[in-house]
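# Report on the structure
Listed below, chain by chain, are the residues.
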Amino acid sequence: MKKIILTNSAILLIVLGFAQANFKWEKIDSVAKTKAQIYSDTKMFIAETWKAASSTINKGAIASIIFTGKGEIVKNLSAEKHSIQNDDKDNGAILVKGEMEFSSDFMMNSHIYRYSYDVKFLMKDNKYKMTIENVHCNYARCVNIDWPLIEPCEDVDCPGFSETSMPSNKLIELMTSLKENLQNIANSYVAYIKTPSASNGDW
């Protein structure tokens, strides 16, 4: 029992360490690593977290890199949706553009929603900054019918059924899942960057 309480407390401390509001997360913290070590570890975190959904080329479009927050990979060969990573080692900046896909069942059908987001990593000696922002709904579809796009919203500010064509309980579930998945990225990075850098010596 004590172990469970300690684990939950540790998770809570990590969550509270973030400034989070309106689907934007920001974390600035110190770490006993050089800028080069933080950069290298961040690149490794990115490689292990966002995996290419497919290397298939479909009509000239590279498949999206989609991360669900639970290690699940969702294939997406849409020509309009693809992830981009901008990398500036000298200035200590990396930008990841990601996408999450969620399925919600109501009205006897499965409704698919996709949300894009930016994750920015900034680093210098002994310090890092992580920001998750620009979360937007860019795809909503049921069978072969386009569905209203639902932008991220807090419970009290979410639009009603007339604007979303989605029951309120399902809308709350969707927003909760979206927030939990983004929070998982933030928590995972903090835990990852706090661990000692891997040594490549004597292999």
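Rules behind the numbers
- Residues numbered from 1 in each chain as written.
- Predicted model: local features only at pLDDT ≥ 70, side-chain atom pairs only at ≥ 80, totals over all residues.
- Heavy atoms only, no water.
- Helix = DSSP H or I, 4+ residues; strand = E, 2+ residues; numbered from the N terminus.
- Buried < 20%, exposed > 50% of the residue type's maximum accessible area, 1.4 Å probe, protein only.
- Disulfide = S-S within 2.5 Å.
- Core = buried A, V, L, I, M, F, W, Y, C linked by side-chain atoms within 4.5 Å.
- Salt bridge = Lys/Arg side-chain N within 4 Å of Asp/Glu carboxyl O.
- Phe/Tyr/Trp six-rings, centres within 6.5 Å; stacked < 30°, edge-to-face > 60°.
- Lys NZ or Arg CZ within 6 Å of the ring centre and 35° of its normal.

### Digging into the overall build of the protein chain
- For the protein chain, the count of helices and strands is 4 helices and 9 strands.
- Going from the N terminus to the C terminus, the protein chain shows its helices and strands as α-β-β-α-β-β-β-β-β-β-β-α-α.
- Burial analysis of the protein chain (203 residues in total) assigns 39% to the buried set.

### Here's the deal with the state of the cysteines
- Across all of its chains, the model carries 1 disulfide by this definition.
- Two residues, Cys153 and Cys158, share a disulfide whose sulfurs are 2.0 Å apart. Negative torsions about the S-S bond denote left-handed disulfides, and the value of about 95 degrees found for Cys153 with Cys158 makes this one right-handed. As far as the burial class goes, Cys153 and Cys158 line up, both buried.

### A look at the nonpolar core
- Core analysis: the biggest nonpolar cluster contains 41 residues, and Trp50, Tyr113, Tyr115, Phe121, Met175 and Leu182 have the highest contact counts within it.
- Contributions of two or more residues to this core are made by helix 2 (35–49), strand 6 (93–106), strand 7 (109–124), strand 8 (127–142) and helix 4 (168–194).
- Ranked by the residues each element gives to this core, the list is headed by helix 4, at 10 residues.

### Considering the pattern of salt bridges
- Going through the model one piece at a time under the given rule, you end up with 11 salt bridges.
- In this structure, Glu173 engages Lys170 in a salt bridge whose closest nitrogen and oxygen atoms are separated by 3.7 Å. Within this pair, Glu173 and its partner Lys170 are both found in helix 4, separated by 3 residues, close to a single helical turn.
- Sharing partners across several salt bridges, the network here consists of Lys27, Asp29 and Lys194.

### Digging into the packing of aromatic side chains
- Considering all chains together, one arrives at 7 aromatic pairs under this definition.
- Centroid distance Phe45 to Phe121: 6.4 Å. Interplanar angle 75 degrees. Geometry classified as edge-to-face. Note that Phe45 is positioned in helix 2 and Phe121 in strand 7, a separation of 76 residues in sequence.
- Take Phe121: its relative accessible area is 0%, and that puts it in the buried class.
- Their ring planes at 70 degrees and their centres at 6.3 Å tell us that Phe102 and Tyr115 sit as a pair that is edge-to-face. Here the residue Phe102 occupies a position in strand 6, and Tyr115 occupies one in strand 7, the gap between them amounting to 13 residues. In terms of burial, Phe102 and Tyr115 fall into one category: buried.
- Connected via pairs of aromatic rings, a cluster forms that spans Phe45, Phe121, Tyr128, Tyr189 and Tyr192.
- Arg114 extends its terminal NZ or CZ atom over the ring of Tyr139, reaching a point 3.9 Å from the ring centre.
- In this arrangement the basic side chain of Lys179 is found over the ring face of Phe23, its NZ or CZ atom lying 5.0 Å from the centre.

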